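Remarks on the overall topology
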Amino acid sequence: MAGKMRKAADFTPVMYGKKRKAADSTKDRSKSNKKPNKRNKILCGGGGSDDKRKRKTGPRLPAPLRKVLGGTKRSTDSLNDSDENISSDEANDFYEYEEPLPQEESGKNRRFDVVKNYLLDPSDPVEEDENVSSEDDDNKDDYDGVSKIEKSHGWRESSEQLIDEFEDDERHLRMLQTVSGMPSEAFEGKKKKKKNLVISEAYPESEFNPSRDVLNGNGQISIEELLEPLQGKPGYTEIRKLIREDKNSTSIQAPLPRVEREMLERKAVYEQSKKDITKWEPLVKMNREAPSLFFDEDTNLGFSTVGAIASGFEPRTEFEKKMALLVNDDKVKEAHNEDGSKLLELNKISAEEYLEDRNHIAKMRSLLFRHEMKSKRIKKIKSKTYHRLLKKDRLKSVSAEMLMDPEAAKEEARKQEFKRAEERMTLKHKNSSKWAKRILQRGLEAQDEGTRAAINEQLHQHALLTRKMNTMKDSSSSSGSDDSDEDDVDENSAGSDPDEASKLFAKAKEKTLKVLQEDDEVPTSGVLSLPFMVRGLKKRKEEAVEEAKLALQEYESSLKELQDTGGEENANVGITSGRRVFGAAKRDVPKPKPSNKMKTDNYYRNSDSEDDLDENIDVGNGMKNDLQKDVNVDSGFLNEDAEVRRDSVFKSFDDVVRDPGPKTSYDVAIFASGTWKKMKKGKRVNANIKKSTVVGKPVLQNQEELSEESDTDSEGQMVDEILSAGPKPLYELPSQEELVRLAFAGDDVEEDFGKVKQEILNEEIPEPEKPNLLPGWGQWTSVQRKKGLPSWMLEEHEIAKRKREEALKKRKDAHLKHVIISEKMDKKAEKLHTKTLPYPFTSKEVFEQSIRVPVGPEFNPSTSIGAMNQPDVVKKSGIIIKPIKFEEVNAHEKTEEHREQKRSGNNQKTNKRKGAGGKRAGVRPVVVKS
Amino acid sequence: MGAKEDDGIHENILPPIEQEISDELNAKAKKYLRGEGADLKALQDKKLKGQLAVREEIYGKSAKAAAKIEKWLLPSEGGYLEAEGIEKTWRIRQESIAREVDILSSRNQYDIVVPELGPYTLDFTLSGRFMAAAGRKGHLAVVDMKNMNLVKEIQVRETVRDVVFLHNEHFFATAQKKYPYIYNREGTELHCLKEHGAVLRLQFLRNHFLLASINKFGQLHYQDVTMGEMVGNFRTGFGRTDVMQVNPYNGVVALGHSGGTVTMWKPTTSAPLVKMLCHPGPVSALAFHPNGHLMATSGKEKKIKIWDLRKFEVLQSIPGNAKCLDFSQKGLLAVGNGSFVQILGDLSGSENYSRYMGHPMAKGYQIGKVQFRPYEDVLGIGHSTGWSSILIPGSGEPNFDSWVANPFETTKQRREKEVRSLLDKLPPETIMLNPSKIGSVRPARKKEKPTKQEREADMEAAIEDVKGIAMKKKTKGRNKSSKLTKKKQERVAKTKRPFLEQQLKEDQAAGKKRQKLNEQVELPSSLQRFARKKTTT
């Protein structure tokens, strides 16, 4: 075949040159390479043929030329074609050396599996058909023939035969074309049938592959034949019997595939289960539709008391068992049962034991008592010195300990040093904290006692911590300084007390004297012994002494003053019936003026506020103000003021301490008071005017209103008589505006109202803004100038207008000219409405109609309240809901029941009875309840 | 002619005709059904339909049960004057009525003459058992109307403009010269409500425990009398008025103004709920029907108008002056003018008021206040020389509900009721024009987006805030000024971001919308495929 092919190729070099290249290129492939190609081909099947067809659109001869070329060539090139197609997959291989067809393809060697060729063959003629284009039923016959021939005569012959057949076909096609005048393609359709052609015989005939015909006439091997050799063997008869039976029975079809079988099974099961479940339907439906479900109402749950629960208790753990053993001890039980006396016997304790116990308790008690007494006594001691001593003692003991133990001392010193370093580093106590900063920013004066003390305390702490000293040795002195510091604090805080002050002064004097008397011990060693240091120390010392002297003088003078003022103050106290104000004020007599001012200032403020509170007391006001002026001049006479001022004075006391800037506030106060006074006067005048004008009013009134008006005036009189004996009150006249309005009330009210309505409407639904023209906005300026506003602007405006009109139309007062109904939402009332429709409802109307009837006991007869407010599920707590049980319910009964339930509603007894009857006990499902 | 006062049961014992009875029952039950149920057939949801059907059935049964019980709970029927022949009811004088009625009723006709202490104003408790009378010149009196016993009488020596009972007879508020005061029954001054100022008219909202007042400057105050909290304080802006009435149905306070307008207020909004122009001249009096649907106003232009408050329309305009108006429990309208009281009645039931009765007082008496006594056919009249009481048959509700108001209340009952009513106190926001809307779906609100400027302002503020935060002091070269500035910028960007993102989102949404609109407009479907080309070119 290959040789032939080559020959054919020689005949048509132009036509196939190109293809040859490709075809030949494939031939250099090794067998192993070839094989997969072919397999590939097989796998491709129809798809491969499609490819070929496409490829054939390349350069080819026109039909008339082909005709001329004649039959044999045609057939060969078709064959060649097929060959080319086989290898077309690797068409890009360009090795042009020829190789003979592989052996297996040539069919020479029987070792090769021939299948591929055979499988290829049927497709090849198909390719040819494309060109030849017409094949009819006889083609098929041909093929059968071909196969037969092949079987009988071998490969080569068959191929020749095939070619002949094709020549015939060609001729037939040509004939058809000439007869019908249609192109060959028209007859192509029929060939498609052949594509499905399957050759059932997989293997070519050979001695290894005997065909049925060869082996047997009908090609069947019967069981009998197979059995023959077994005849006479032991199990033969049995087998034969079996086979006979088999023969008698009809043949069994092969079982269905598993998937299908299972599907069928499932189907059947489903049908069955459906039938099974549908029987529940009426029951479930009934339960669903029932307005409320009842569960086992008649079961007796017994008492669920603690006792009942405890009675069922059984000991489980070790401990419980032990306890139970003790509790359930026969002896104890017996004792309990019989009498309490035996229990006592069981409880016996020996006399010694008892005595010991008692003694111990007594001892402990007495100890406790004594300790308590002691601590109480100590706590009661108020003496500061005592506590100081106590503290000292404590410290001493500590220090003694330290002395005894140098390690401890060292440790302590180290600690102290560390603390100092830390403090110096962090300055934690030097008002650097946020809190302290804030307080300082606001000013210490503004703070109250406590904070100031706290600040001082902090500073003191800082001083303590940063002081350089050997802590242990100077501990006593430090404590002394501590004390002095405390004293200072005291002075600051409680300086107001005069006695305390004098004491303090005395103390200070003492101390300064001490300092003066102290002669300096010039250190003999260390840095301080250096001459310049000594000089410096001396200088400082002198300065200190001078200062101390000055201070002493000051102290003395102030002490004197204090004593003097103390006397004065006492006198004052006598006058003012024990007011503490002056004590405090006189304390700083050296600068009395500011304090006076402060006081007066406070007076003003207080009196002002008082006036605000009760305006009624106008009688005294003038006087008061005068008095206040007096106060300005001379604070000494304050005491003689009216009683009203007493508490204000008290207040002022506190304020004196705090007020930092007396002068300015004082001025302001005066000013304020002046204006206030003026204001007051003005008011009065106004009031007078008003009252006087009222006289005329009744004259203007109608006859009807006369009585009332006269009343008002008389009322005024009366009240005035009651309240004050001042100038005769005068009448009130409605203002001119009001009179005018009354007189012209009937004019144009409607128009006014219309205007008002329009205004309100505009406010609630604002009118759209007019499109305002910006040169060059939205359009070129020139265009704008010509055409006016851009259309989209106008359109927008129109839309907004229309919307507004619609909104206006929707308003409730749209058709009521004389009514304005506000459409403003009340935000507070929003919570009284639901935001969204509650779940099952889909329309607002239905929902609103469903809530129109109140269901409370105030609105309904007691017979129907129960039904109205019945819960969905009626169940005693503690009842276990059992799963639903089947029971026969027909549809009719269901509705009946339904009705009945509705009717009975609160009438639960009937239901209960029914439950007791066992008919519907515990069968109501919860699961299905929606 | 005859005064027919029915107090007993007038049920004829006839052989019962089933149909008739059931019809009657149905008619009665309708009242208890409070309107129609929803149309269930239109509902799609079967389950809901079922549930609602069940509920409706229960409602129907309840209504029927209530209708059945009604005849036991409401045994008495109200009577009224019936004219025979050419007689007219308004010609019937009090004397002739007195001759017909029983002694107890005839005791309700009297005049109390206190000429010095000026025109009197009256107020009854809810049960009608007690009356407070206040003389202009400071005379305050609480009277037990059952036995005509003067409970307490005090003289405050100050102008008294109005008096009103609080929740029970133990407390009453008076509008005095400068402030309103609250007194207890013993005449002890409990409170002075200075915030109200010089009050002209007082009203008490029983269900909300609010004391409403209008003062000389046209300021409306609401004060909660339980906790003393000032709930509302509004300037009406319509000038001085002393025409004020609370609508018993919904607690809305109505004010009549000199411009002829009537405004209605609630304590939680500063603007009036309704403003209606009722008269061309000043409004002189105002009254509400107990069912809250009718309002009567009178103007100085000699007109009395009856309004339907559901539609805000005039039902009827009656000529006549009125200084004071009042509706009775049964819907009779008393009109006081000068020294003459006229009673208008809606006898036909068609909301058409006509003359029913009249009563001339002694010459020179100026009527200042008319008020019907609840649960009695009695009209109290406060006038310039004291107060009077006349019989108006058919004015009062014949059956009282002891849960609402019990004229025969014992001390214990009163105490219990006080507690109960305190527990049932309604918050002030429940006052609205249609209280039956409570619980319904909130009306849709206009979504108000913040304007661009507002948004920008917000952003600016946020940025400022961020800038203000002090930087932490860092170490190891992280405190460089460059790093700090970078960090600051980052912060600013971070705060800006959400604002910008939101804006972007909105812009995009707007863009999409516009695009959609454009697309919708564009082309028929057959030409859609060319659309793209068109946009590109």
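It should be noted that the structure appears before, not after, this text.
These numbers were taken from a predicted model, which means no experiment stands behind them.

1. Quick word on the sheet that holds strand S17 (residues 253–256) of chain B
Read across the open sheet, the five strands follow the order S2(A)-S19(B)-S18(B)-S17(B)-S16(B); overall the sheet is antiparallel. Unpaired on one side and paired on the other, strand S2 (819–821) of chain A together with strand S16 (243–246) of chain B mark the two borders of the sheet. Taken pair by pair, the neighbouring strands of this sheet meet at an average axis angle of 15 degrees, ignoring direction. Where S2(A) and strand S19 (residues 274–277) of chain B come together, three bridges link them in antiparallel fashion. Across the sheet, residue A:Ile821 finds its bridge partner in S19(B), namely B:Val274. Docked against the sheet, helix H37 (residues 749–764) of chain A engages S2 of chain A together with strand S18 (261–265) and S19 of chain B, running at close to 155 degrees with respect to S19(B).

2. Regarding the packing of aromatic side chains
For the structure on display, the rule yields 12 aromatic pairs over all chains. Arranged with centres 6.3 Å apart and planes meeting at 70 degrees, the rings of B:Tyr222 and B:Phe234 form a pair that is edge-to-face. Of the two residues, B:Tyr222 is situated in strand S14 (residues 219–224) and B:Phe234 in strand S15 (residues 230–235); the sequence distance between them amounts to 12 residues. Note on B:Phe327 and B:Tyr353: the rings are 6.0 Å apart at their centroids and 75 degrees apart in plane angle, and the pair reads as edge-to-face. With B:Phe327 in strand S24 (residues 324–327) and B:Tyr353 in the loop between strand S26 (340–345) and strand S27 (354–360), the pair connects residues that are 26 residues apart, well separated along the chain. With relative accessibility at 4%, the residue B:Tyr353 sits in the buried group. The ring of A:Phe886 has A:Lys279 lying over it, and the distance from NZ or CZ to the ring centre is 4.5 Å.

3. Quick notes on the pairing of S18(B)
Residue and element names in this part refer to chain B. Most of S18 sits out of view: five of its five residues are buried. Bridge analysis of S17 against S18 gives four bridges, and the strand direction is antiparallel. Following the sheet pairing, Leu255 is matched in S18 by Thr263. Between S17 and S18, which pair antiparallel and follow one another directly, the connecting turn spans four residues, one of which, Gly260, has a positive phi of 90 degrees. Strand direction decides the pairing type here: S18 and S19, joined by four bridges, are antiparallel.

Calculation criteria
Residues numbered from 1 in each chain as written. Chains lettered and ligands numbered in written order. Predicted model: local features only at pLDDT ≥ 70, side-chain atom pairs only at ≥ 80, totals over all residues. Heavy atoms only, no water. Pairing = 2+ DSSP bridges. Helix = DSSP H or I, 4+ residues; strand = E, 2+ residues; numbered from the N terminus. Axes fitted to C-alpha atoms, helices over the stretch in contact; angles between N-to-C directions. Contact = heavy atoms within 4.5 Å. Phe/Tyr/Trp six-rings, centres within 6.5 Å; stacked < 30°, edge-to-face > 60°. Buried < 20%, exposed > 50% of the residue type's maximum accessible area, 1.4 Å probe, protein only. Lys NZ or Arg CZ within 6 Å of the ring centre and 35° of its normal.

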